[in-house]
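Take a look at the letters that make up each chain.
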Amino acid sequence: MPAPAFGRLITAMVTPFAADGSLDLVEAKRLASYLVDEMHNDALVINGTTGESPTTDDAEKLALLEAVVETVGDRAQVLAGVGTNETAATISRCKDAVRAGCHGVLVVTPYYSKPPVDALYEHFVMVADATELPVMLYDIPGRSAIPIPEDVIIRLADHPRIVAVKDAKGDIVSSSRVMAATDLAYYSGDDAMTLPLLSVGGVGVVGTSTHFTGARTKQMIEAYVAGDAAGALAIHRELFDVYTGVFATQGCMLVKAGLAARGFAPGGLRRPLKSATDAQQATFVALLDAAGL
């Protein structure tokens, strides 16, 4: 099993907004501290999909990165979600990540554009060539419309700065083939797939429900790594309804609803998303309560 590039537990943090819809950097700092100090995250992804990155501009993204790095960057890694469907814009956001003091970047497959395989490979290489930071690829065909083919990931693994994959492809056989052929650190991009992915060589998770399940998920991962598969399975089953329930609608909607019920002030969501309904919030909070979270 390769040494984890960014630790084992990573949360893709939501972006708090104030009542007027602007960034709430005070609440962002509070939330980041909670995720690191109480949920035991080794790293945070800022400006990912769960952070509503399609709705924040570059200045907001940079301000958020700077605030989180200032708050927790001395005790956790901060990864910037930088991927777009334009190579030049992705590179520009990589430069902002360096300026903010980030420890790595998360680069999603270019969405909507659906580049051909050779152009897809060149996109990732151009981004990795343009930054000094380690790169985590984000393979999520459900959002990007195309997967990163196995042979492309294997070729990209030769790049010295491409070190990890956030795997939301939903094809554990394909992921297993890539892990067998490379030293890439594979992180589950689907909370419920964390334990299955560990079993074929994965190292951890970039989670959504880990806003609440983080501490127990960390215990699950560490139990498996220590050889206690039965203990890890018990925790997986304990948290399974939360792992899956957070995606009953868009994850950021239910995370914000859950955080609000737990005394945080994450604010609303920017359109086209919207806040969870009272019924959706009640259903999700009931799952958290049942899991003792």
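Residues numbered from 1 in each chain as written. Predicted model: local features only at pLDDT ≥ 70, side-chain atom pairs only at ≥ 80, totals over all residues. Heavy atoms only, no water.

Participant: Looking at this structure, I do not really get the packing of aromatic side chains. What am I missing?
Facilitator: Think of a pair of aromatic rings as described by two things: how far the centres are apart, and how the planes are tilted against each other in angle. Throughout the structure, instances matching the rule amount to two aromatic pairs. When the ring of tyrosine 34 is compared with that of phenylalanine 264, the centres are 4.8 Å apart and the planes differ by 55°; the resulting orientation is tilted. You can see tyrosine 34 sitting in helix H1 (residues 25-37) and its partner phenylalanine 264 sitting in the loop between helix H11 (251-261) and helix H12 (278-290), a full 230 residues away along the chain. Its relative accessible area of 12% is what places tyrosine 34 among the buried residues. Classification of phenylalanine 264 by relative accessible area gives buried; the value is 14%. An angle of 70° between the planes, with centres 5.6 Å apart, marks the rings of phenylalanine 212 and phenylalanine 284 as edge-to-face. Here phenylalanine 212 is found in helix H9 (residues 210-225), whereas its partner phenylalanine 284 is found in helix H12, with 72 residues between them in sequence. (Phe/Tyr/Trp six-rings, centres within 6.5 Å; stacked < 30°, edge-to-face > 60°. Helix = DSSP H or I, 4+ residues; strand = E, 2+ residues; numbered from the N terminus. Buried < 20%, exposed > 50% of the residue type's maximum accessible area, 1.4 Å probe, protein only.)

Participant: How should I be thinking about the UniProt feature "active site" (unreviewed entry) in the protein in this particular structure?
Facilitator: Look at the UniProt record and you will see "active site" (unreviewed entry) annotated at Tyr138 and Lys166. Taken together, the annotated residues stretch across 29 residues yet fold into one region, lying no more than 4.7 Å apart by C-alpha. Mapped onto the secondary structure, tyrosine 138 falls in strand S5 (residues 135-139). You can call tyrosine 138 buried: its relative accessible area is 7%. Setting aside residues up to four positions removed in sequence, tyrosine 138 forms contacts with Thr49, Leu106, Val107, Val108, Thr109, Ile148, Lys166 and Ala168. With relative accessibility at 6%, the residue lysine 166 sits in the buried group. The contact partners of lysine 166, leaving out residues within four places of it in the chain, are Leu106, Met136, Leu137, Tyr138, Asp139, Tyr187, Gly189 and Val206. (UniProt positions renumbered as here; feature names shortened; annotations may be inferred. Contact = heavy atoms within 4.5 Å.)

Participant: So what exactly am I meant to see when it comes to the packing of H11 against H12 here?
Facilitator: To characterise two packed helices, one gives the angle between the axes of the helices and the distance between these axes. The interhelical angle for the contact between H11 and H12, taken along N-to-C directions, is 70°, at an axis separation of 9 Å. As summarised for this structure, H11 and H12 are arranged roughly perpendicular, according to the angle between their axes. Counting all contacts with H11, which are made through Met253, Leu254, Ala257, Gly258, Ala260 and Ala261, the residues of H12 involved are Gln280, Gln281, Phe284, Val285 and Leu288. Of the residues belonging to the contact of H11 with H12, the class tally is eight nonpolar, three polar and no charged. (Axes fitted to C-alpha atoms, helices over the stretch in contact; angles between N-to-C directions. Parallel < 35°, antiparallel > 145°, perpendicular 65-115°, else oblique. Nonpolar A, V, L, I, M, F, W, Y, C, P; charged D, E, K, R; others polar.)

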